[in-house]
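Structural description and commentary
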Amino acid sequence: MAEFPGELAAAGLTLVGVGPGNPELLTVAAVRAIGAAEVVAYPVAREGADGMAARIAAPWIGPQQRRLPLLFPMVAGAEPRQAAWHSAAAALAAEVAAGHAVVLLCEGDASLYASASYALLALAERHPACPVAVIPGITAVAAAAAAASSQGLPWPLALQQDALLIRPTPDGAEELAALLQRACGEGMVLALLKLGHRWAWVRPLLAERGLLDACLFAQRVGWPDQLLAPAAEVPADEQPYFSLLLIRQSWPAVLP
Ligand SMILES: C[S@@+](CC[C@H](N)C(=O)[O-])C[C@H]1O[C@@H](n2cnc3c(N)ncnc32)[C@H](O)[C@@H]1O
């Protein structure tokens with residue numbers, strides 16, 4: 001077999017994207033890296049909390065593997081987050097220095113709005129000798145488009161000259177209105193993450209602009225209770241953190 005690039009080979013520390021929810025959506029490389037690890041690290045939002053990435057990868061983690069929850073608090077303040085990133089990086093570097101093969105699990109892809117990216121940057125800053133590899137994962141955006149298409153709602157993310165912008169949902173109506181206008185002018189498909197509680201005001205704004213039919217609402221993609229629905233079918237209530245919106249305001253002229 002031909003040799004593939006080395007970034008997928010076992011290193012001291014491997015950051016592993018575990019996909020959006022369904023354990024079947026881990027890559028072969030991810031499953032192999034987890035299986036080869038002595039220490040399985042994963043982010044938690046609070047001491048003692050269940051890590052989402054660890055739940056997703058649970059079928060691939062053996063009882064003999066040591067679990068290492070690392071605190072990545074979801075707070076606004078810079079100082080506690082920076083302290084947590086450096087403390088996570090120090091814990092990971094110490095495991096690697098002790099000769100252990102370590103994976104750090106990450107929900108979705110390991111480079112897209114990912115906790116693992118802060119560990120990566122903190123390691124480069126303070127522990128540059130620690131060898132790190134990254135295994136990409138299936139992002140929730142790609143999984144949402146695929147799940148919708150599999151349910152009879154064809155949702156190609158980008159075609160021909162389309163642009164695709166993946167970003168957090170804006171915090172205010174004015175900013176979202178400007179973004180929608182820009183996306184309309186530039187033939188840009190939008191994937192808005194961190195929709196959650198913002199849906200309560202985002203939905204009325206989309207309705208006002210006649211855009212509900214252009215939007216796909218996706219919640220807990222890959223989980224048994226996943227919801228993929230045209231935005232018009234989702235009431236304007238607060239929604240869980242693991243929800244996102246895909247918005248396509250126009251299609252290319254030449255299509256089947
Ligand atoms: C911090 S970002 C993590 C993105 C992740 N690294 C990825 O590649 O998909 C978290 C946001 O991604 C979206 N998200 C992640 N997983 C999801 C899922 N299973 N279903 C729906 N949205 C999800 C939500 O918008 C959530 O607020």
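Residues numbered from 1 in each chain as written. Predicted model: local features only at pLDDT ≥ 70, side-chain atom pairs only at ≥ 80, totals over all residues. Heavy atoms only, no water.

Examining the site of the ligand
Quick reminder of the rule: Summary of the distance rule: residues count as near a molecule or strand when at least one heavy atom falls within 4 Å of that molecule or strand. Definition of a polar contact: a pair of N or O atoms within 3.5 Å, with one able to donate and the other able to accept a hydrogen when the atoms are protein atoms, and with sequence-neighbouring residues admitted only if both atoms are side-chain atoms. Three categories are distinguished: nonpolar for Ala, Val, Leu, Ile, Met, Phe, Trp, Tyr, Cys and Pro, charged for Asp, Glu, Lys and Arg, and polar for the others, with Gly belonging to the last. Domains are outlined according to an automatic or database domain assignment.
Around the ligand, the surrounding shell holds 17 residues, and the nearest of these are Glu107, Asp109, Leu112, Lys194 and Ser243. In the environment of the ligand, an oxygen atom lies 2.8 Å from a nitrogen or oxygen atom belonging to the backbone of aspartate 109. A distance of 2.7 Å is found between a nitrogen atom of the ligand and a backbone nitrogen or oxygen belonging to leucine 112. The class makeup of the residues in the shell around the ligand is 10 nonpolar, 3 polar and 4 charged. Split by domain, the shell around the ligand shows at least three residues from each of two domains, domain 1 (9–138) and domain 2 (141–247).

Some thoughts on the pattern of salt bridges
Proximity of charged atoms lets side chains of opposite charge pair with each other. Operational definition: Any Lys or Arg side-chain nitrogen located within 4 Å of an Asp or Glu carboxyl oxygen qualifies as a salt bridge. Where helices and strands are cited, they refer to DSSP runs of H or I of at least four residues and of E of at least two residues respectively, numbered from the N terminus. With a 1.4 Å probe rolled over the protein chains alone, any residue whose accessible area is under 20% of its type maximum counts as buried; one over 50% counts as exposed, and the rest are partly exposed.
This model, assessed by the stated rule, comprises 7 salt bridges. Measuring nitrogen to oxygen at the nearest pair gives 2.9 Å for the salt bridge that ties aspartate 162 to arginine 248. With a gap of 86 residues between them, aspartate 162 in the loop between helix H5 (140–150) and strand S6 (163–168) and arginine 248 in the segment after strand S10 (243–247) connect regions that are remote in the sequence. Pair check on accessibility: aspartate 162 and arginine 248 agree, each one buried.

Thoughts on the packing of aromatic side chains
Our working definition: Pairing of aromatic side chains requires ring centres within 6.5 Å, counting the rings of Phe and Tyr and the six-membered ring of Trp. Pairs whose planes differ by under 30 degrees are stacked, by over 60 edge-to-face, and all others tilted. Placement of a charge over a ring requires the Lys NZ or Arg CZ to be within 6 Å of the ring centre, with the centre-to-atom vector within 35 degrees of the ring normal.
Taken as a whole and assessed by the stated rule, the structure comprises 3 aromatic pairs. The interplanar angle of 5° and the centroid separation of 4.2 Å between the aromatic rings of tryptophan 85 and tyrosine 118 together place this pair among those described as stacked. Residue tryptophan 85 is found in helix H3 (residues 78–97), and its partner tyrosine 118 is found in helix H4 (residues 115–126); the two are separated by 33 residues along the sequence. Look at tryptophan 85 and you get buried, because its relative accessible area is 18%. Plain terms: the ring middles of tryptophan 199 and phenylalanine 217 are 5.2 Å apart, the flat faces sit at 55° to each other, and that makes the pair tilted. Pair noted here: tryptophan 199 is in helix H7 (residues 199–208) and phenylalanine 217 is in strand S8 (residues 215–219), with a separation of 18 residues, a long-range link. In this structure, tryptophan 199 and phenylalanine 217 share a single accessibility class: buried. Taking the ring centre of tryptophan 223 as reference, the NZ or CZ of arginine 220 above it sits at 5.0 Å.

A look at the pairing of strand S3 (residues 66–71)
For clarity, the cut-off: Here the rule is simple: two strands pair whenever DSSP picks up at least two bridges between them. Seen with the strands pointing away from the viewer, any crossover whose path from the first strand over the helix to the second strand runs clockwise is right-handed.
With 6 bridges connecting them, strand S2 (residues 39–44) and S3 associate as parallel partners. When the sheet's bridge partners are listed, valine 44 is paired in S3 with leucine 71. Regarding topology, helix H2 (residues 52–57) serves as the crossover connection from S2 to the parallel S3, and that connection is right-handed.

Brief notes about the nonpolar core
Quick note on the threshold: In plain words, nonpolar cores are sets of buried Ala, Val, Leu, Ile, Met, Phe, Trp, Tyr and Cys residues tied together by side-chain atoms within 4.5 Å.
In terms of nonpolar packing, the biggest core is built from 23 residues, with Leu13, Leu70, Leu92 and Leu104 touching the most fellow members. Where this core is concerned, the elements lending two or more residues are strand S1 (13–17), S2, S3, H3, strand S4 (102–106) and H4.

Some remarks on the domain arrangement of the protein
Quoted interface sizes are often the accessible area lost when the parts come together. This is how it is decided: By the convention used here, residues are in contact when the closest approach between their heavy atoms is within 4.5 Å. Here the quantity called buried area is the total loss of accessible area, with a 1.4 Å probe, experienced by two parts when brought into contact, counted for both.
What the domain assignment reports for the protein is domain 1 (9–138) and domain 2 (141–247). A straight line from the C-alpha centre of domain 1 to that of domain 2 covers 28 Å. Counting residues at the interface gives 11 residues for domain 1, matched by 11 residues for domain 2. At the boundary of domain 1 with domain 2, total buried surface from both sides reaches about 960 Å², with 75% on carbon and sulfur atoms. In terms of surface lost to domain 2, no three residues of domain 1 exceed Pro20, Met52 and Tyr113, which account for 50% of the buried area on that side. Counting across the domain 1 and domain 2 interface gives 0 salt bridges. Linking domain 1 to domain 2 there are 3 residue pairs in polar contact (both at pLDDT 80 or more). The residue makeup of the side of domain 1 that touches domain 2, split by class, is 7 nonpolar, 2 polar and 2 charged.

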